[in-house]
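# A structural walkthrough
These are the residues of each chain, in order.
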Amino acid sequence: MDHVAEEVMTTATMATPVQATAGFAHAFVAALSVIIVSELGDKTFFIAAIMAMRHSRLTVLTGAVAALGFMTVMSTTVGYAATIIPRAYTYYGSSLLFALFGLKMLKEAWAMAPDEGQEELEEVSEELSKKASELSGGSDLEGGNASGGAVEPSSLKWSRMLKVVSPVWIQAFTLTFLAEWGDRSQIATIILGAREDPIGVTIGGTLGHMLCTGLAVVGGRLVAQKISVRTVTFIGAIVFLLFAASALVIGP
């Protein structure tokens, strides 16, 4: 009997890490896929694409990813805070929200014009043009030399830092953060944080944002013009509906 009890206890202790790994993997994949289908062709994508054509790609990339990473951590924390509610309520409630999001995205995709992405691109480009004058005063600082003279060796490290944390970096961070606030991907991250492993959601969501933003920065306007926002929205709707349907197969 003691041998049997010991074997049962050993099996139970071994199952916990396996379950934790599975939970992390599921949360990681869920967050990664949801963010990718939500962010491709989104306003934050176009902001990064257009700014990267006008300014340093590294500066735009780090500013946008910093904003999206911060937003992901904050959204996951808000969702995880909801775990004080019984698991069954948050699980099936979040599944219902996923279903509603999926249906809403299907409706939006159906009503979209074929050139929806181009219109969004032009709108963001016009918005950034209005803010271009605000950066003119910081152009000298961005070059690391406000007086026009040679940069002294002692200040070389500081001038390099200014090239990253510059008015352009602040603009990329601010515009991305404000565009993401209340966006579909932020709400989806909150929902995932309430039902999935928070670490998996944070890492998967942040990686998804990095991939989309990196694609926007590298590809610029060419990628933005080639993306069919309508098709991406249709795919996103299917992904959201699949997560909602998974609640019928995988219990809380």
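As a reminder, the structure under discussion sits directly above these lines.
Summarised in this report is the structure supplied together with it. (Residues numbered from 1 in each chain as written. Predicted model: local features only at pLDDT ≥ 70, side-chain atom pairs only at ≥ 80, totals over all residues. Heavy atoms only, no water.)

Another point: the packing of helix α3 (residues 57–81) against helix α8 (residues 167–180). Put simply, α3 and α8 touch, their axes get as near as 8 Å, and they point 35° apart. For the element pair α3 and α8, the recorded crossing hand is right-handed. Along the contact surface, α3 presents T59, V60, T62, G63, A64, A66, A67, L68, F70, M71 and M74, while α8 presents V168, W169, A172, F173, T176, F177 and E180. Here the contact of α3 with α8 is composed, by residue class, of 13 nonpolar, four polar and one charged. (Axes fitted to C-alpha atoms, helices over the stretch in contact; angles between N-to-C directions. Helix = DSSP H or I, 4+ residues; strand = E, 2+ residues; numbered from the N terminus. Left-handed = near helix turned anticlockwise from the far one by under 90°. Contact = heavy atoms within 4.5 Å. Nonpolar A, V, L, I, M, F, W, Y, C, P; charged D, E, K, R; others polar.)

Right, let's talk about the pattern of salt bridges for a bit. Counting across every chain of the model gives three salt bridges. For the salt bridge of K104 with E108, the shortest nitrogen-to-oxygen distance reads 2.4 Å. Taken together, the residues K104 and E108, both in helix α4 (residues 87–111) and four residues apart, mark about one turn of the helix. Using a relative accessible area of 47% as the deciding quantity, one classes K104 as partly exposed. Shared partners join several salt bridges into a network, and the residues in it are K104, E108 and R184. (Salt bridge = Lys/Arg side-chain N within 4 Å of Asp/Glu carboxyl O. Buried < 20%, exposed > 50% of the residue type's maximum accessible area, 1.4 Å probe, protein only.)

What follows covers the packing of α3 against helix α9 (residues 184–195). Remark: α3 packs on α9, axes separated minimally by 7 Å, with the N-to-C direction vectors making an angle of 45°. When the axes of α3 and α9 are compared, the pair comes out oblique. Handedness of the α3/α9 crossing: right-handed. Residues M71, T72, M74, S75, T76, V78, G79 and Y80 of α3 form the contact with α9, whose participating residues are Q186, T189, I190, G193 and A194. Residue composition of the contact of α3 with α9, grouped by class: six nonpolar, seven polar and no charged. (Parallel < 35°, antiparallel > 145°, perpendicular 65-115°, else oblique.)

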